[in-house]
Amino acid sequence: MKKARDCHTLLKTFRTNFATLQNPTHNKMDPSERYSFNPVLRWNPQVEDYFIKAYGAQHFSRISKALTHPSCYSCIRVNTLKSTSDAVIEKLLTIMQDSGFKKAADCVDSHKTDATVDSDIAQKLEHSVKESNVNQNSDACGKVVLGQNEDIARAMKESLQDRTISKCLVPGLEYVVFVKGSGPHTIDYGYAPGKPPKEVIVSRKCAEAVLRGAQIYVPGVMACSAHVEKGDVVAVSVAIEQPGVDGKWGLGITRGTIMHGLETGKKLIYPYYSERGGLYIGQGTTMMSRAGTFRVTEGIAVDMNNRIFKLPSFYDVLEGEIFLQNLPSIVTAHALDPQKGERILDMCAAPGGKTTAIAILMRDEGEVVAVDRSHNKVMDIQKLAAEMGLNCITTYKLDALKAVCRRNESNDISTKYCSKDNVCESIQGSDDTRLHEERVSSTATEGLTAVMTCTENVSNEKGNERTYISKADIRRNKQKMRNGPGRNQSLGGRVENSKGFFPSSFDRVLLDAPCSALGLRPRLFAGEETIVSLRNHGKYQRRMFDQACSISSP
């Protein structure tokens, strides 16, 4: 008996020590502090030191705090080929009134934040609006531009002040509509001593989308309390990466884990209890049970009806007429100043927001070539272009680092994805070349037809016609017959590959190169970026910039 008691005591001590190691800084939190939204942005230590030296500790602290909060407004770009800003504002007001969305002007909490955001917007636009409309004199040029910038700042403040929905008053950006939100709000999660609320824990990326107005979908749910049923009111918290023993960042939580709202036992602490303190983003109603949430792969898991930051969701709202887009992205397309009939390239175009903005500014007249190296992202661009009714957009799968077509490939007839105009000129320069292309095209079609009918000796029969069918093509076509068409052969699923474009083949080129995206709001974690990765972004961008300069007209 004594040995059994000793073993039990030893096991209890081990559990206590293990819990302490897992939660070394755990202190009991007051419920008002625990059930709140007060995130601390975690950075890589070297990156944090770098920014502190650059901005100063106090200024960088304010920047980090601001990054964890979403903007107080949503920015909408109107498809002027289908509607107008005034018509969209009327429709949105009706939709918001029907959904019971409160006016942002009635919410006192967001007043101070609004003033700060207005100032930030004005500063961004000061450097983006064209100066070509200003009569520049040698002496008075600086004063004129300064006066214009002050007018822009004043127009932005008037656009956002004391209105739920308003049209941008900056000249040239009348197709931009602002929808004002509010926050942060204080939420009563219904905590009672010994009876915490049921919880749902979501991933960080899901939480960042929820803070911008989205709902909680099934893939974003990481864990929840036991016995959660459909229709339950739940508190929603966030699982944010934590530093591990090996120095790397990780969640330390497995999807489907049962979360506990209490510390059971005298000293035993449940996993991930203290880590989610101060990371509650709102309250919602479950649309399915716990079992259903982790059994299905899609659908809304939690309907967020009580949020820390109240911004309307525009999912399935006025499809084709509006597009939710960040203001800097809209200004980028505006600064490009595309004209009707031009040929414009959008490198790294996914998800297609700036591509469609360019096409609309061109009134769907001309050609906008959008490229991305991801098959699925190119399909997203095609889908968005079709949704907005745009016909001048051509999409290709292409790595932006290989945007320039090599000269030795220009003699190859199969390079039809190089600059279309230049290819046509090279082919039309010789009648013999054109006839040869037609002959090769017809024989190739016959050869592929023979392959599809599983005729043996295809290569021998077509050998006299100087058409070669590779064994890979034969295997691929046989597999199509056996398994049916794949994704690339389905309706709307085909993505054409490109071998690049000839130099000076575009009137204008837009390059939004991949970056660290550290300035996007809201951001709840920034530890993945290191000094090395930040420097590599710059090298990567310079290589893309060289490609963009080569294919744009001088």
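Reading the values: the criteria
Residues numbered from 1 in each chain as written. Predicted model: local features only at pLDDT ≥ 70, side-chain atom pairs only at ≥ 80, totals over all residues. Heavy atoms only, no water. Core = buried A, V, L, I, M, F, W, Y, C linked by side-chain atoms within 4.5 Å. Buried < 20%, exposed > 50% of the residue type's maximum accessible area, 1.4 Å probe, protein only. Helix = DSSP H or I, 4+ residues; strand = E, 2+ residues; numbered from the N terminus. Contact = heavy atoms within 4.5 Å. Axes fitted to C-alpha atoms, helices over the stretch in contact; angles between N-to-C directions. Parallel < 35°, antiparallel > 145°, perpendicular 65-115°, else oblique. Left-handed = near helix turned anticlockwise from the far one by under 90°. Nonpolar A, V, L, I, M, F, W, Y, C, P; charged D, E, K, R; others polar. Polar contact = N/O pair within 3.5 Å; in protein donor to acceptor, adjacent residues only side chain to side chain. Expected span 1.5 Å × (residues − 1). Phe/Tyr/Trp six-rings, centres within 6.5 Å; stacked < 30°, edge-to-face > 60°. pLDDT = per-residue confidence, 0-100. Pairing = 2+ DSSP bridges. 1 Å grid on protein atoms, 1.4 Å probe; cavity = no way out; pocket = protein on both sides within 12 Å on 5 of 7 lines; lining within 4 Å. Points joined across faces, edges and corners; volume = space filled by probe spheres on them.

Draft legend 1. Highlighting the nonpolar core. The biggest cluster of nonpolar side chains holds 31 residues, and the ones touching the most others in it are Val202, Ile216, Ile281 and Val302. Sorting the residues of this core by element identifies strand E4 (199-203), helix H8 (204-211), strand E6 (221-225), strand E7 (233-239), strand E11 (280-286) and strand E12 (300-307) as the ones contributing at least two each. If we skip the residues at most four places from it in the chain, Ile281 touches Phe37, Tyr189, Val202, Ala207, Val210, Leu211, Val236, Val238, Met304, Arg307 and Ile308. In this structure, Phe323, Ile360, Val368 and Ile393 belong to the second largest nonpolar core, which totals 20 residues.

Draft legend 2. Examining the packing of helix H10 (residues 327-336) against helix H11 (residues 353-361) more closely. Contact pair H10 / H11: the axes reach a minimum separation of 9 Å and the direction vectors enclose 40°. Classified by the angle their axes make, H10 and H11 are oblique. Relative to H11, the crossing made by H10 is right-handed. Contacts from Ser329, Thr332, Ala333, His334 and Leu336 in H10 reach Lys354, Ala357, Ile358 and Leu361 in H11. Looking at the contact of H10 with H11 residue by residue, the class counts come to five nonpolar, three polar and one charged.

Draft legend 3. Representation of the side chain of Thr68 within the structure. By the element assignment, Thr68 lies in the loop between helix H4 (57-67) and strand E1 (73-78). Engagement of the side chain of Thr68 in a polar contact is seen with the backbone oxygen of Lys65, the distance being 2.6 Å. Residues within four places of Thr68 in sequence aside, it is in contact with Phe37, Pro39, Leu41, Leu211, Pro522, Arg523 and Leu524.

Draft legend 4. Helix H12 (residues 375-387), seen in detail. With 13 residues, H12 ought to run about 18 Å at 1.5 Å a step, and its terminal C-alpha atoms sit 19 Å apart, in line with that. Elements that come into contact with the buried residues of H12 comprise strand E13 (322-324), H11, strand E15 (367-372) and strand E16 (393-397).

Draft legend 5. Geometry of the packing of aromatic side chains. Following the criterion strictly, the structure yields 15 aromatic pairs and no others. The interplanar angle of 85° and the centroid separation of 6.1 Å between the aromatic rings of Phe37 and Phe309 together place this pair among those described as edge-to-face. Pair noted here: Phe37 is in the loop between helix H2 (31-34) and helix H3 (45-55) and Phe309 is in the loop between E12 and E13, with a separation of 272 residues, a long-range link. Like Phe309, Phe37 is buried. Between the aromatic rings of Tyr50 and Phe51, the centroid separation amounts to 5.7 Å while the plane-to-plane angle is 70°, which identifies the pairing as edge-to-face. In textbook terms, an aromatic cluster arises when at least three aromatic residues are bridged by ring pairs, as seen for Trp43, Tyr50, Phe51, Tyr55 and Phe60.

Draft legend 6. Layout of H8. Most of H8 is tucked away, with six of its eight residues classed as buried. Here H8 has its buried residues at Arg204, Cys206, Ala207, Glu208, Val210 and Leu211. Packed against the buried residues of H8 are E4, strand E5 (216-217), E7, E11 and E12. Count one or two residues on from H8 and you reach Gly213, which has phi positive near 115°.

Draft legend 7. Broad picture of the confidence of the model for the protein chain. Averaged over all residues, the pLDDT of the protein chain equals 76, while 66% of them reach at least 70. Predicted confidence for residues 409-417 stays below pLDDT 50, and this span has 17 contacts to residues more than four positions away or in other chains. Counting interchain partners and residues more than four positions distant, the pLDDT-below-50 stretch residues 482-492 has 13 contacts.

Draft legend 8. Quick peek at the pairing of E4. The buried fraction of E4 is high, at five of five residues. Across five bridges, E4 lies against E7 in parallel orientation. For Ser203, the partnering residue across the bridge sits in E7 and is Ala239. The pairing of E4 with E6 spans three bridges and is classified as antiparallel. Note on E6: the bridge partner recorded for Val202 is Val221.

Draft legend 9. Spatial organisation of empty space enclosed by the protein. Enumeration according to the criterion identifies one cavity of 30 Å³ or more in this entry. Taken as a whole, the largest cavity holds about 50 Å³ of empty space. Lining the largest cavity are Val200, Val221, Cys224, Val228, Thr286, Met288, Ser289, Arg290, Thr293, Ala301 and Val302. Among the elements of the structure, E6, helix H9 (290-293) and E12 are those that each provide at least two residues to the lining of the largest cavity. Its residues assigned to classes, the lining of the largest cavity comprises seven nonpolar, three polar and one charged.

Draft legend 10. Inspection of the sheet that holds E16 at higher detail. In spatial order, the strands read E16-E15-E14-E17; together these four strands make up an open sheet with parallel pairing. The open sheet has two edge strands, E16 and strand E17 (508-511), and neither has a second partner. Averaged over neighbouring strand pairs, the angle between their axes works out to 20° when direction is ignored. With five bridges joining them, E15 and E16 adopt parallel strand pairing. Looking across to E16, one finds that Val369 is bridged to Thr394. Where H12 meets the sheet, it contacts E15 and E16, and its direction lies at approximately 170° from that of E16.

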